[in-house]
Amino acid sequence: MPASLVVIVLPLAAGTLAFVLRRWRSIEVLIAAVACALAMLVLAQPDGASLFGLEINGRLDLFGRTLQIDPRDRSALLLMFGCGLVLIVASLRTPENWTFVPAGMMLLGILSATLMIRPFQYAGLLYVVAGALGALLIQAEHSGERSTLGATRFLVISVIALPMFLGAGYVSERAASVSDPELISGAYAPAVQFLIIGFGLVMGAIPVFTWVHPVAKDAPPLTTAFIAVTGIGAASFLLLGLMGDFAWLRNAPLMSGALSTGAVLLLAACAALGWAQNSLSRVLACGIFLEIGCTLLAIASNTQQSIEAIGFGMMARTLTLGLFGIGAALLRERNGGDEFSSIRGCGTREPWLALAVGLGGLSLAGMPGTIGFVSHWLHLRAIGGNAEQVALTVLAGISVAAGVLRGLAAMFQPADGTQPRANSMLADQARGELWTVGIGAALMFIFGLFPGIIAPLAQVIAQGYMR
């Protein structure tokens, strides 16, 4: 049996079982964690290995489509399941929609399939499915006027991306018959344009029509973190794989130019808006813009150093967005919102949540000593030849840090009528918050001070995509 089938079926089956057992939160999280761990065990096997009768590089033919774990994608898939595992376990302590674990696991399986399916244009079909699952994650248990904007935007963007992928596949197949060297570049140009638009949409990299801000506003913060980590990561690795497969895409001047331009626009928007936000959700969205911009610049460079930065950045994003999301989610639940006016004065009675927001947000901005700083340093080193891009990236990070600090300042401002937390919440919730935030903060500093612990996985990913 090909391992690609197992890697897809495991999260889908776990999501279905979690849906049936959704009344028991601990059990559904355990099911999801076991499924992720088993998928990681399968993916950790070397090339050509056979585990329990599974062919690691086995090929699955399905209705004329091929699903196969390419050796270069195996480490990337391993990283995706590892990041998903961390965020799903973290959700045990946060108020999430009931769809988080069931739909989240199914989304993880579908995004994994986008890396394995060929011809590549059928990844567009899978993105439509991913869009529907993402909409369930965002919208469940949420109602009211304009409450559907985040879910609708995420789904519509996925649907719009479908003809872009299909068009790129059609044009590239037609262009393959062109033999005149002077006409080859022009024949493939429309396919490059289609792919630029398609990936820009699914990654949220088009500032005027992005899913990032609406999703951050409507979805629980940890749900936003999960979609950002897995979605951006899967799209990045898929694009890197296509650039490795097709010289017409890799060598197209339009590709590197569009990626760099999109990154500059995102970083400029982040630098201009990050400091001025008035809610934790909007600060989170600006931080995601910063991450997408850094990722696009690294893809445009397409060097082993830049791909290593992408892999390490995904690990850093999991911890930073996860820790920030835990704090923001609990503050939103207990204060009726995460606007700075709503959380004013709650810092003294919610110290662990303030710590989660502060450390997670500042690490997202690149604070020295944290894993976020290492991630930013790797990205800046990858684009070190362009002083303007380096300066803009640093400025965007400072702007996000200013937004986080404004939120923390609001949390520790005196507020009239502030009530202490109810006694029934003290023992259980305070203890759970201490352990959850404490472990997250410790990992953030440990990996920030000793990045060599996890850097080898990023190096293996980079070596695979540069073969």
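Predicted model, so just to flag it, every value in this text is computed and none were measured.

> Would you mind showing me how to read the pattern of salt bridges here?
Where charged atoms from two side chains of opposite charge approach closely, those side chains can pair. Scanning all chains against the criterion turns up 10 salt bridges. A salt bridge links aspartate 245 to arginine 72; its shortest N-O distance comes to 2.8 Å. Linking aspartate 245 in helix H9 (residues 221-245) with arginine 72 in helix H3 (residues 71-90), this pair joins segments that are 173 residues apart in sequence. Of the residues examined, aspartate 245 reaches a relative accessible area of 36% and is grouped as partly exposed. The salt bridge involving arginine 118 is made with aspartate 245; its shortest N-O contact spans 3.9 Å. Of the two residues, arginine 118 sits in strand E5 (residues 117-118) while aspartate 245 sits in helix H9, which places them 127 residues apart along the sequence. A cluster of three or more residues bridged by salt bridges with shared partners is formed by Asp70, Arg72, Asp73, Arg118 and Asp245.

> I keep staring at the pairing of strand E3 (residues 59-62) and nothing clicks. Help me out?
On a regular strand, one side chain projects to one face of the sheet and the next to the other, so that they alternate. The sheet contact formed by E3 and strand E4 (residues 65-68) spans four bridges and is antiparallel. Bridged to aspartate 61 within E4 is threonine 66.

> I'm lost on a nonpolar patch on the surface in this one. Help?
Where nonpolar side chains cluster on the molecular surface, the patch consists of Leu434, Trp435, Ile439, Leu443, Ile446, Leu449, Phe450 and Ile453 and spans about 800 Å² of accessible area. If you trace the backbone, phenylalanine 450 turns up in the loop between helix H17 (423-449) and helix H18 (455-465).

> Looking at this structure, how should I read the packing of H9 against helix H12 (residues 280-301)?
If you want to describe how two helices pack, look at the angle between their axes and the distance between the axes. Where H9 contacts H12, the axes come no closer than 11 Å and their chain directions differ by 10°. Here H9 is positioned roughly parallel relative to H12, judged by the angle of their axes. Between H9, through Pro221, Thr224, Ala228, Ile232, Ser236, Leu239, Leu240 and Met243, and H12, the contact on the second element is made entirely by Leu284, Ile288, Ile292, Thr295 and Ile299. Class assignment of the residues belonging to the contact of H9 with H12 gives a composition of 10 nonpolar, three polar and no charged.

> So what exactly am I meant to see when it comes to the nonpolar core here?
Generally speaking, soluble globular proteins have nonpolar side chains that are buried together. Ranked by internal contacts, the top residues of the largest apolar core, which has 162 residues, are Phe199, Trp211, Phe237, Leu249 and Phe312. Sequence-distant contacts of leucine 249, defined by excluding residues within four places in its chain, comprise Val192, Leu195, Leu239, Leu242, Met243 and Met255.

> Would you mind showing me how to read the pairing of E4 here?
Counted along the chain from E3 to the antiparallel partner E4, the turn is two residues long, and its residue phenylalanine 63 has a positive phi close to 55°. The pairing of E4 with E5 spans two bridges and is antiparallel. Paired with leucine 67 across the bridge in E5 is isoleucine 117.

> Whenever I open this one, the side chain of aspartate 218 confuses me. Can you help?
By the secondary structure assignment, aspartate 218 is in helix H8 (residues 212-218). Taking relative accessible area as the criterion, aspartate 218 reaches 6% and is therefore assigned buried.

> Help me out: how do you make sense of the packing of helix H1 (residues 3-20) against helix H2 (residues 25-43) in this one?
Put simply, H1 and H2 touch, their axes get as near as 9 Å, and they point 175° apart. With respect to each other, H1 and H2 are oriented roughly antiparallel. Every residue of H2 that contacts H1 at Ala3, Val7, Leu10, Ala14, Leu17 and Ala18 is listed here: Glu28, Ile31, Ala35, Leu38, Ala39, Val42 and Leu43. Across the contact of H1 with H2, the residue classes break down as 12 nonpolar, no polar and one charged.

> I would appreciate a short explanation of the environment of isoleucine 398 in the present structure.
Along the chain, isoleucine 398 falls in helix H16 (residues 387-411). A residue is classified by how much of its surface remains accessible, and isoleucine 398, at 51% relative accessible area, is exposed. Put simply, isoleucine 398 and tryptophan 275 are 123 residues apart on the chain and 8.2 Å apart in space, counted from C-alpha to C-alpha.

Conventions adopted
- Here the residue index of a chain counts from 1 through its sequence in written order.
- The predicted origin of the model limits local features to residues at a pLDDT of at least 70 and limits the giving and counting of side-chain atom pairs to 80 or more, whereas totals for whole chains, interfaces and linings rest on all residues.
- Side-chain descriptors were evaluated using all non-hydrogen atoms of the structure, hydrogens and water having been removed beforehand.
- Note on definitions: salt bridges are taken to be side-chain nitrogens of Lys or Arg within 4 Å of carboxyl oxygens of Asp or Glu.
- Helix and strand definitions follow DSSP, with helices as H or I runs of at least four residues and strands as E runs of at least two, each counted in order from the N terminus.
- Think of it in three bands: residues with accessible area under 20% of the maximum for their type are buried, residues over 50% are exposed, and the middle band is partly exposed, with areas taken using a 1.4 Å probe on protein chains only.
- Here a strand pair is declared whenever DSSP counts at least two bridges between the two strands.
- Patch definition: residues above 30% relative accessible area lacking any salt bridge, with like charges linked at up to 9 Å and the nonpolar side chains Val, Leu, Ile, Met, Phe, Trp and Tyr linked at up to 5 Å.
- Per-residue accessibility takes into account occlusion by the displayed protein chains alone, with areas from the Shrake-Rupley method and a 1.4 Å probe.
- Axis lines are fitted to C-alpha atoms, over the contacting stretch for helices. Their N-to-C directions set the angle, which ranges from 0 to 180 degrees.
- Roughly parallel means an angle under 35 degrees; roughly antiparallel means over 145; roughly perpendicular covers 65 to 115; every other angle is labelled oblique.
- Throughout, a residue-residue contact means that at least one pair of heavy atoms, one from each residue, lies within 4.5 Å.
- Each residue gets one of three labels, nonpolar for Ala, Val, Leu, Ile, Met, Phe, Trp, Tyr, Cys and Pro, charged for Asp, Glu, Lys and Arg, and polar for the others, Gly among them.
- The term nonpolar core refers to a set of buried residues drawn from Ala, Val, Leu, Ile, Met, Phe, Trp, Tyr and Cys, joined through side-chain atoms within 4.5 Å.

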